[in-house]
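If you want the building blocks of each chain, they are given just below.
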Amino acid sequence: MPKQILSFNVNGDKVDVLVPPYLTLLDALRDEVELTGPKEGCGTGDCGACTVHLDGKPVASCLVLALQARGRSVRTIEGLGTSTTLHPLQDAFVRHGVPQCGFCIPGVLMAAAALLEEHPAPSQEQIRYGIAGNLCRCTGYTKMVAAIEEAAGMMKQGGSAR
Amino acid sequence: MSVMKTTRDVKGVGLSIPRPDGPDKVTGRVQYVADITPRGLLHAKLLRSPHAHARIKRIDLSKARALPGVRAVLSAADIPELKRKAPTRAHAILAIDRVVFAGQPVAAVAADELAIAEEACDLIEVEYEVLPASVDPLKSMQPGAPPVADVGTEADTSEALAHSAVAMAKGETPTKAVNVSQTSTVKRGDVAKGFAESDVIIENTYRVPMVHQGYLEPHAVLAEWDRSGNLTLWASTQGSFNTRSEVADVLGIEDNRIKVIPVECGGGFGGKIRALCEPITAILARATARPVRYVMTRREELEAGMPAPQVIIRLKTGAKKDGTLMALDAETILETGAFSGTVLAVSAVFLGSLYRWPAFEIKGSEVLTHKPSVAAYRAPAAPQSIFAIDSQMDAMARALKLDPVEFRARHLSNPGEPMVNNQPWASMGASEVLKVAGEHRVWTERAKWKEGAAKGTLRGVGISLGGWLGGLQPTGATVKLNPDGTLAVLTGQVDIAGTNIALAQIAASAYGIDIDKVKITTGDTDVAPVTGLSAGSKTIYTVGVAVMQAAQAARKQTFEIAASELEASVDDLELVDGKVVVRGVPNKGVTLQSIGKKGNLYMSKVEPVLGASHPAFSQQAPAFAAQIARIEIDPDTGEVTLKDFVIVQDVGKAINPLAVEGQMQGGAVQSLGIALTEGLIYDDLGRLTNPSLLDYRKLTAADLPNLETVIVEVPAPAGPFGARGVGEPPIIPAPAAIANAVADATGHRLTHLPLTPERIALALAGNGGAR
């Protein structure tokens, strides 16, 4: 199948890549834009490891065709925080010892970031439902919830999520 | 093992230090196998059998080979290494003329793009003659059942040895039941007499389905050969040396021809111990003379991974009215799938050894079926065995109207008492763990909490105790002093659980230097000392000793160099703030930096500091966990809601409490998954009916409360700083804790897992829905 041009914004940069029409957004990000932070854990939208923001909303990038992102904005784990400073969520995850194998973490963080943009002061229940689409097999989620709760508190004191 | 005293309190053992790879993990920088893309990379895909049991009448690869972009298409006929009577799953690279489980690889493709490899698989023509399949293990073990293995295939017991060092005499395999691949019997005392003298006898059959380890990163490997016939494997593995040996054995080449680079492992839990897709990927790379990457899909993982065995346990137990245990009669069936490899002995040890039975007989059978072969899953066979024996103990206590904790405590084996295989129990903290759990408010306030149930809601509280014997395997480590006075630790141990930070803490404390001056590296199989698996709760217990001893040796060398410089006796020296000084004369000293530098100066006569240790082990350190569950049940739907959950665990010494808590919580949620939602479900033809993470239901954050952890420290005599293994115990108790809570809430003893709403609602309906 002939490739088509995909022009979109990724983590604030304008990006042009050639993709076949069947390629998923996840594969385009990983293979063409060379951002391997988003992970494929299932390829069917069940595990959440591929979660990115599409125009500010969390999506399972394995279920979105790359060409559906044409002209739109995508934010991946590589765009959370800056090259020198961790986002408060990332910082809290490190300090709370959340990452074990680490494979689910990029997706969990993107889900959590989207949650905090919608609910800056979420309850524990909101946090638990906010990341319910993200499977983690190592942590048991307890430290994850505590880290998100703490990051929310810090962001409220320090200003916006971005 | 003596612990060398440090001259002051360094920042090391006992501190909650976040792992150093945290920043790279939260920013997506850490690379897993699927993230590594060398130039010229080809993508592999396997064509898998849709049938559980079939004869392959014809394979035609010609159309697939003709597809542009396809670089290799192989069937069994193209692989000279392939042998009949494959002793392990890894040896059965591709099916020869018979497939023995749905999902078994039949042909392999390497292509420029994954989409081309997938299309090529669609173009391969395979003609099958479908044969009757053995799907139910109880039927499969009967004479006349459709045979799984080729006649003469040996049972594989290596998993049991690697995991828990349990040795037991093999039983005699009945000749006519062709699918019974291993048997064992252990007995002591007069069981018939014990039951004859019992006042209460309870008999139940417990059943736990096959469950998948559920690691988020599917199996993945990248293989490349050089022109001299040396193979490099970038692998997601729990043991790079084990992967190397297995692949070398399958390919018939020397270990030295293979370099395994252990890439960050996205979870293993036992499922990434044995070789699976490495041999075929290496063969595709050889056939194409290109780097080839193979990443399994989630569907392939669920259909054709290496799950935990289905375990069926019939237990009959007898006791006197006063609670005296009299006899245990047990029969265990471990369904191993298409290849032998379960830990039969471990199951018997847990069924019969945890509590003191004056008379017991435990028979075990490993049964082959036409399903994917099994492997370890965190404390293999222990969650299933403890589910059975602890449910039974709880049922006995209820029948005898005795306190469940006191009843267990009264009969719990003590260190030194014999296990069923007559090995004595090593030092352990089972009774301490049970005591702490029994005094926890979630347990002691259970009556009051149950009174608070809303109308129309059932409440129950359950407790369970389980443990793990602790694995052993030789290992090695080196510790070197750098020219700037920092310390570098090298092992070959794959860090799948945060063990590297804990090992670095051990090095820091044993040498006498702060943790921020210590760096630890997991080397590949070409450079690192030979070491064992990251499995069986033995990394800290064994590799920790190697690191501790290597650090102590480095410290001794450092002190000898300083003693000669300072013209003092080694015994008069101490290490303070990175400086070796004469005790009491803090201004007379030599810095680690200068010692390190002199070991690297041109024409220097000072030997570089290099501590090494390569220990082997014989003393296990059993580790126990108790879990307490508060549940609510909706009697209309049968749905269980977990309200509170407590994990009490003896870790010997928490080297890094933060990491220890993470292990306890993560293991507990896997345990709760076995209890409540997980199970691979097969139809009558041996096909998996839930091959996705939507239908194979793992617990999410929304299913759970916060998990409380209580660390108990009963030092292990041979453990580094007293540490025991931490990984396995927390996955063991929850199935029984939940079943006991369900019994507490409903009066029904449920014995088949998972405890789905359907099972609970049916049980309630059978009792008229009443409490």
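Residues numbered from 1 in each chain as written. Chains lettered and ligands numbered in written order. Predicted model: local features only at pLDDT ≥ 70, side-chain atom pairs only at ≥ 80, totals over all residues.

J.: Outline the overall build of chain A, supporting the account with residue identities and numerical values.
T.: On a plain count of helices and strands, chain A comes out with 5 helices and 5 strands. Helices (α) and strands (β) of chain A occur, in sequence order from the N terminus, as β-β-α-β-β-β-α-α-α-α. Taking 2.2 N^0.38 as the reference for a compact globule, 162 residues should give roughly 15 Å; the C-alpha atoms of chain A span a radius of gyration of 16 Å, in line with that estimate. Taken along its principal axes, the extent of the C-alpha atoms in chain A is 50 × 30 × 25 Å. For chain A, the residues scored as buried account for 59% of the 162 residues in total. Counted over contacts in chain A with a minimum sequence separation of 6, partners at least 24 positions apart contribute 57%. (Helix = DSSP H or I, 4+ residues; strand = E, 2+ residues; numbered from the N terminus. Rg over C-alpha atoms; globule rule 2.2 N^0.38 Å. Buried ≥ 20, exposed ≤ 12 C-beta atoms within 10 Å, placed from the backbone. Contact = placed C-beta atoms within 7 Å.)

J.: Would you mind going over the overall build of chain B in detail, with residue names and values included?
T.: Within chain B, the secondary structure is distributed over 21 helices and 26 strands. Over its C-alpha trace chain B gives a radius of gyration of 28 Å, about what one expects of a compact globule, namely 28 Å for 771 residues. Considering only C-alpha atoms, chain B reaches an extent of 85 × 75 × 50 Å along its principal axes. Split into buried and exposed, the 771 residues of chain B put 60% on the buried side. A sequence separation of at least 24 residues applies to 81% of the contacts in chain B between residues at least 6 apart.

J.: Break down the domain arrangement of chain A for me, citing the residues and quoting the values.
T.: All names here are of chain A. Looking at the assigned domains, one finds that chain A contains domain 1 (4–78) and domain 2 (88–158). Summarising the inter-unit geometry, the C-alpha centres of domain 1 and domain 2 are found 21 Å apart. Counting from both sides, the interface comprises 14 residues of domain 1 and, opposite them, 11 residues of domain 2. Of all the secondary structure elements, the ones that give two or more residues to the side of domain 1 that touches domain 2 are β3 (51–54) and β4 (57–60). Take the side of domain 1 that touches domain 2: its biggest share by element is 3 residues, from β3. When grouped by side-chain class, the residues that make up the side of domain 1 that touches domain 2 number 7 nonpolar, 5 polar and 2 charged. (Domains from an automatic or database assignment. Nonpolar A, V, L, I, M, F, W, Y, C, P; charged D, E, K, R; others polar.)

J.: Any chance you could break down the sheet that holds strand β22 (residues 585–591) of chain B for me, citing the residues and the numbers?
T.: All names here are of chain B. The strand order across the open sheet built from 3 strands is β20-β21-β22, with neighbouring strands paired in antiparallel fashion. In this open sheet, the two strands that pair with only one neighbour each are β20 (573–576) and β22. Averaged over all pairs of adjacent strands, the angle between their axes in this sheet comes to 40°, without regard to strand direction. Sheet topology note: the β20/strand β21 (residues 579–582) ladder contains 4 bridges and is antiparallel. Of the residues in β21, the one forming a bridge with L573 is V582. (Pairing = 2+ DSSP bridges. Axes fitted to C-alpha atoms, helices over the stretch in contact; angles between N-to-C directions.)

J.: Any chance you could break down unusual backbone geometry for me, citing the residues and the numbers?
T.: If a residue is not glycine, its phi is most likely negative; likewise, a peptide bond is most likely trans. Here the residue pair L753 of chain B and P754 of chain B is connected by a cis peptide bond, since its omega of -5° sits within 30 degrees of zero. The residue E34 of chain A is not glycine, and still its phi comes out positive at about 60°. Looking at the secondary structure, you find E34 of chain A in the loop between α1 (25–32) and β3. The backbone of M603 of chain B shows a phi angle near 70°, a positive value even though the residue is not glycine. Tracing the backbone shows M603 of chain B in the loop between α18 (592–598) and β23 (610–613).

J.: Tell me what's going on with the domain arrangement of chain B, and back it up with residues and numbers.
T.: All names here are of chain B. In terms of domain boundaries, chain B breaks down into domain 1 (22–27 + 473–613), domain 2 (33–131 + 218–265 + 272–304), domain 3 (135–211 + 308–423) and domain 4 (426–468 + 621–771). One C-alpha centre belongs to domain 1, the other to domain 2; they are set 41 Å apart. Each partner contributes residues to the interface: domain 1 has 13 residues there, and domain 2 has 13 residues. When its residues are assigned to classes, the side of domain 1 that touches domain 2 shows 5 nonpolar, 6 polar and 2 charged.

J.: Would you mind going over the nonpolar core in detail, with residue names and values included?
T.: Judged by nonpolar contacts, the single largest core of 311 residues is most densely connected at L109 of chain A together with V109, V489, A507, V547 and I738 of chain B. When residues of this core are assigned to their parent elements, the largest contribution, 13 residues, is made by helix α17 (residues 539–566) of chain B. (Core = buried A, V, L, I, M, F, W, Y, C linked by C-beta atoms within 7 Å.)

J.: Requested: an account of the packing of helix α2 (residues 88–95) of chain A against helix α5 (residues 142–158) of chain A, with residues and values cited.
T.: Describing two packed helices takes the angle between their axes plus the distance from one axis to the other. All names here are of chain A. At a minimum axis separation of 8 Å, α2 and α5 run at an interaxial angle of 140°. Between α2 and α5, the angle is such that the two are oblique. In the packing of α2 onto α5, the handedness of the crossing is right-handed. For the pair α2 and α5, contact is made by P88, L89, A92 and F93 and by A147, I148, E150, A151, M154 and M155, respectively. Here the residues of the contact of α2 with α5 sort into 9 nonpolar, no polar and 1 charged. (Parallel < 35°, antiparallel > 145°, perpendicular 65-115°, else oblique. Left-handed = near helix turned anticlockwise from the far one by under 90°.)

J.: So what's going on with the interface of chain A and chain B? Which residues, and what values?
T.: Across the contact, 43 residues belong to chain A and 45 residues belong to chain B. Looking at the side of chain A that touches chain B, the elements that each hand over two or more residues are α2, α3 (105–118), α4 (124–130) and α5 of chain A. Here the residues of the side of chain A that touches chain B sort into 23 nonpolar, 13 polar and 7 charged.

J.: Give me the sheet that holds strand β24 (residues 623–634) of chain B: which residues, what numbers.
T.: All names here are of chain B. The sheet built from 4 strands is open, its strands ordered β16-β24-β25-β26 with mixed pairing. Edge positions in the sheet fall to β16 (458–468) and β26 (707–712), since each of these pairs with one other strand and no more. When strand polarity is set aside, the average angle formed by the axes of neighbouring strands in this sheet is 15°. Here β24 runs beside strand β25 (residues 639–650); their pairing, made up of 10 bridges, is antiparallel. Each residue of the ladder has a partner; that of E632, found in β25, is T641. In the packing of helix α19 (residues 657–676) onto the sheet, contacts are made with β24, β25 and β26, and the angle to β26 comes to roughly 125°.

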